[in-house]
Amino acid sequence: MTASHELGFVRKYIFSVDHKVIGIQYLLTSLTFLLIGLTLMLMMRWQIANPGQPVPVVGGLLESALGEPAGEGKISADLYNSFGAMHGTIMIFLGVVPLVFGAFGNYLVPLQVGAGDMAFPKMNMLSYWLYVPGGLIMLVSFFVPGGAAQAGWTSYPPLATIIPTDGQTYWLVAMLFIITSSLLGSINIITTVIQLRVPGLTWMRLPFFVWTEFVTAFLLLLAFPPLEAGCILQLMDRLAGTSFFMPHGLVVSGQPATGLSGGGSPLLWQHLFWFLGHPEVYVLVLAPMGIVTEVIANNTRKPIWGYRYLVGSVLAIGFLSMVVWAHHMFVTGMGAGIATFFQTTTTIISIPSVVIMTCLMLSLWGGSIRFTVPMLFALAFLSAFGIGGLTGLPMALPMSDVALHDSYYIIGHFHYLVAPGTIFAVFAGIYYWFPKATGRHMNQKLGHVHFWGSLVCMNLIFFPMLIQGLAGMERRMSDGGYNYSAAHPSNEGVVGALSGTVMQLNGVIGWAVLALGAFQLPFIYNFFSSAFAGRRVESDNPWQATTLEWQTPTPPPHGNFVQEMFVYREPYAYSLSHSTQPLTSTRKSNGSNGKILDFETQNQPVAMANGNPAKQEAPV
Amino acid sequence: MKIPYTSEIREDTGLYNAKIGMWLFLASEVMLFGGLFSAYVFLRIGAREGEWPHGLLNIPIGAFNTLVLITSSLTVALSWTTLKAGDFQRYRRLQIVTLVCAALFLGIKSWEYYDKFSHYEIWLNKPLTAKEYPQLAGHSTEADLPITSVVGHIEGVGPFETLASLQEAGMSTVKIHPDAFHYRLTALQQAERRKVEKATGVRAVHAETDEHANVSIDVSHIARMSAFVPKHGTFFATYFTLTGLHALHVVGGALAFAFILWPGARMWRDDPKRYTNSVECVGLFWHFVDLVWIFLFPILYLL
């Protein structure tokens, strides 16, 4: 099944149709975008902690690159808005989604279902090569007149349309590229899972990670197009002068807006946006749940507790996530009836999420846990997701949401889900599958430095935000709340002015962001040095895992599997204390070194009482 | 590296890969047009009273175009069955009919667009009444109600002109041929007007039949002027966006058929099964595009 002829460098590494190469391309590109997003935030946090002070070290560079908005190396309010909008956009659409879906989905789904490649390899390549220009257009928009988009990652009109910058147009066009890219990716993943499962791999034998990617693909497939529709309409508003989102009687800076027909609705955009926006939240978090499940099963050496509940829950989340979107819009003044509906669906969707968390927690119970680096990240995911989930409950209820929605509380809440949540799961995945992709282990010591440093910093960044938000600090303020603080001269004696303690947290967060950035350096070094000079793996299955991706040569060649695959059992057959099966040559190749194993791989024939492997008829 | 089920059918799913892929793509297309149709409903429900235009689109032409598209869907279905039966020549003739239908549809659509682009609405500073100008009878329900905007063709003015461009050209008056009915009259009001005309025998003079029936309007009395372009209002914004996106889909489908028909025809010799499948997949897409139009026609032309 391997490629019979050598491909040139360009066909092999740049315009490759191999899902593994494309997965790694996605990984490197999206990690780069994460780094860019972090850098933007670092500069924003400087501005918040030290309003109006020139940015140290890079201030001059900023001014020469961006001109007026970064005059004297300071971050102006406009630039702050640009950075804020682009931080969100880059982190979500160019960082995390391509990471969990493009990188992990691409690399692992075909391997875990025993396929040689994706169902549509060329379309897979096209998907990546639509994502790249999308990202580049987004980055170029920093340098166009007026700078990048400034209306937040949600791009609410009329604000988005009346801000005089072409950056918003770039944002919309880039989004069209990204949406098309994820559309092709999701078609590919779904078709691969449905059509290319090897014989015997029934739906209930799929690794949970495949299930999460499968549901994620459906969310991307069905939820992104309404945003695409919204982007087309907003482009029409910008380029053809229509008024889809521009209401009658719009007044801009005290002047009635002229040259508009009016008659549109800003709420229409919010509906179209959040119809994507909420499923998108689950796009960000489902696949990481899948990664964590794989890592936990492997490192507790136990079957996952409640596999069927997990599958049921992930499907329930998939359906429910399509009917909760307007809980992002409680503050628009929607009617009580509609608000009640969305409050109800939102509280209902927390049930399957809690079921998943509970299953994963129970899976830890009584396990002899190997505290490997991936496992540490996976465990941190569980607690971070717990904090993020619980702090989300007040946002589900309009009564408390109205008070908290525009505060730092909500920023703390969703970052707990996405930063120490999703991104930790991604790190877990990288450390876990790195040996398969490269044939070498990542360095454990550097991994520990990376993990503990990141864990402390993440909590130092996001927990204070919850406190600030509850104290009444609004989000999106380019001065970090200085104008509302007790320290501001005009606020002397004002009840409810932000106290000194709350304001000091800005400094804490700022330093913690810098330290978080610093703690990523060991990871970056570890990643590249281990890829070329790390400790070589001792077998094709170094973690002694059960799923199919470990049954390939290391690293997997084009076409993946060298033998015919057939699946005989559920994905997590660990803790088998009474193996009756004699050691066969296939078992030795699983890293057993002749020892009795506590696990059975999915493609290992079921042992019969007489010791002969039975060729079992595969249910389809 | 060979991918299984590219043209042969997987037993448990009963499908080949590309067919699943196409159905998934269509699911996402349903959500795309679903989003746009929802936008239409949202904007129309939210429109002020009397603001949503009625009767501005040419229904017979739209109906004819619907027929053209349905015919093309029929020839696509027939061409696929003849291809399955192995008759390549007949398939090719049928597909040429499909492509002719697609071109006809797009041609008619462009003509409709052009007609709208050169059709104007003029909002007036100084209202007129149907009493002074009987040719504006179709613009209001009562003869002495003030008429604040006039709709029609402007003599000697092509498409896409604006108030600014007319002023720049040094025009001091415009001669507009008013339409028989103003869109702000609801369908019901228009019917009532027709009834009154019939009863009294007094007809709003039809612009096309009497060239003296135009209304001369001083440019200084024009508050705002717009051709029927997307910018005119939310109705035309919706109309042009939806039909424009639909037309792009027609172009895409036609290009795909043309590619399969000529440069891609070599595959018929090498792998006839896969060739037939590709016709089936693009055919699915074509039927979907047809279906979108079947929804677009009533919501834009009739309702």
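Residue indices begin from 1 for each chain and proceed along its sequence in written order. In the order they appear in the text, chains get letters beginning with A and ligands get numbers beginning with 1. Local features in a predicted model are, by the rule used here, given only for residues with pLDDT of at least 70; side-chain atom pairs are given and counted only at 80 or more, and totals for whole chains, interfaces and linings are based on all residues.

Draft legend 1. Here's a closer look at the overall build of chain B. Helix numbers and strand numbers start at the N terminus; a helix is a DSSP run of H or I with at least 4 residues, a strand a run of E with at least 2. Scanning chain B from terminus to terminus reveals eight helices and five strands. Principal-axis analysis of the C-alpha atoms gives chain B an extent of 80 × 40 × 35 Å. Contact between residues is assigned whenever the C-beta positions, reconstructed from backbone atoms, fall within 7 Å. For chain B, the share of sequence-separated contacts (at least 6 apart) that also reach a separation of at least 24 residues comes to 75%.

Draft legend 2. Expanded view of the nonpolar core. To count as a nonpolar core, a set of buried Ala, Val, Leu, Ile, Met, Phe, Trp, Tyr and Cys residues must be joined through C-beta atoms within 7 Å. Any residue with 12 or fewer other C-beta atoms within 10 Å of its own C-beta is exposed, any with 20 or more is buried, and the rest are partly exposed; the C-beta atoms used are placed from the backbone. Residues Val-292, Phe-377, Ala-378, Phe-381 and Ala-428 of chain A are the most contacted members of the largest nonpolar core, which totals 249 residues. When residues no more than four places from it in sequence are discounted, the contact partners of Phe-377 of chain A are Phe-424, Ala-425, Phe-427, Ala-428, Tyr-431 and Phe-451 of chain A.

Draft legend 3. Quick look at the domain arrangement of chain B. Residues and elements named next belong to chain B. Looking at chain B, the domain boundaries give domain 1 (17–116 + 234–302) and domain 2 (120–227). Listed by partner, the interface residues are six residues for domain 1 and seven residues for domain 2. Each residue is assigned to one class: nonpolar for Ala, Val, Leu, Ile, Met, Phe, Trp, Tyr, Cys and Pro, charged for Asp, Glu, Lys and Arg, and polar for all the others, Gly among them. In terms of residue class, the side of domain 1 that touches domain 2 is built from three nonpolar, three polar and no charged. All domain edges in this entry derive from an automatic or database-based domain assignment.

Draft legend 4. Here's a closer look at the environment of Thr-39 of chain A. Residues and elements named next belong to chain A. Checked against the element boundaries, Thr-39 lands in helix H2 (residues 19–49). Note on Thr-39: 15 C-beta atoms within 10 Å, which makes it partly exposed. Taking the C-alpha atoms as reference, Thr-39 lies 8.8 Å from His-87; in sequence the two are 48 residues apart.

Draft legend 5. Highlighting the interface of chain B and chain A. Counting residues at the interface gives 33 residues for chain B, matched by 37 residues for chain A. Elements with a minimum of two residues in the side of chain B that touches chain A: helix H1 (17–46) and helix H6 (234–261) of chain B. No other element matches the 15 residues that H1 of chain B contributes to the side of chain B that touches chain A. Residues of the side of chain B that touches chain A, tallied by class, amount to 18 nonpolar, ten polar and five charged.

Draft legend 6. Structural view of the sheet that holds strand E3 (residues 173–178) of chain B. All names here are of chain B. Read across the sheet, five strands follow the order E4-E3-E2-E1-E5 without closing on themselves; strand pairing throughout is antiparallel. What marks the edges here is a single partner per strand, and that holds for strand E4 (215–218) and strand E5 (222–227). Each strand axis lies, on average, 45° off the axis of its neighbour in the sheet, ignoring direction. Strand pairing follows a simple DSSP-based rule, namely that at least 2 bridges must link the two strands. In this structure, E3 lies alongside E4, joined through four bridges in antiparallel fashion. Bridge pairing links Thr-173 to Asp-218 in E4. Helix axes are fitted to C-alpha atoms over the stretch in contact, other axes to C-alpha atoms as well, and angles between N-to-C directions run from 0 to 180 degrees.

Draft legend 7. Fine view of the domain arrangement of chain A. Residues and elements named next belong to chain A. Structurally, chain A comprises domain 1 (8–244), domain 2 (290–438 + 442–534) and domain 3 (543–620). At the interface, 29 residues of domain 1 touch 31 residues of domain 2. Where the side of domain 1 that touches domain 2 is concerned, the elements lending two or more residues are H2, helix H4 (77–112) and helix H8 (208–239). A breakdown of the residues in the side of domain 1 that touches domain 2 according to their chemical character gives 24 nonpolar, three polar and two charged.

Draft legend 8. Region of interest: unusual backbone geometry. All names here are of chain A. Cis rather than trans, the peptide bond between Pro-157 and Pro-158 has omega equal to 5°. Relative to the elements of secondary structure, Pro-158 occurs in the loop between helix H5 (121–140) and helix H6 (159–162). Thr-554 connects to Pro-555 through a cis peptide bond whose omega is -15°. Looking at where Pro-555 falls in the secondary structure, it is placed in the loop between helix H16 (500–533) and helix H17 (585–592).

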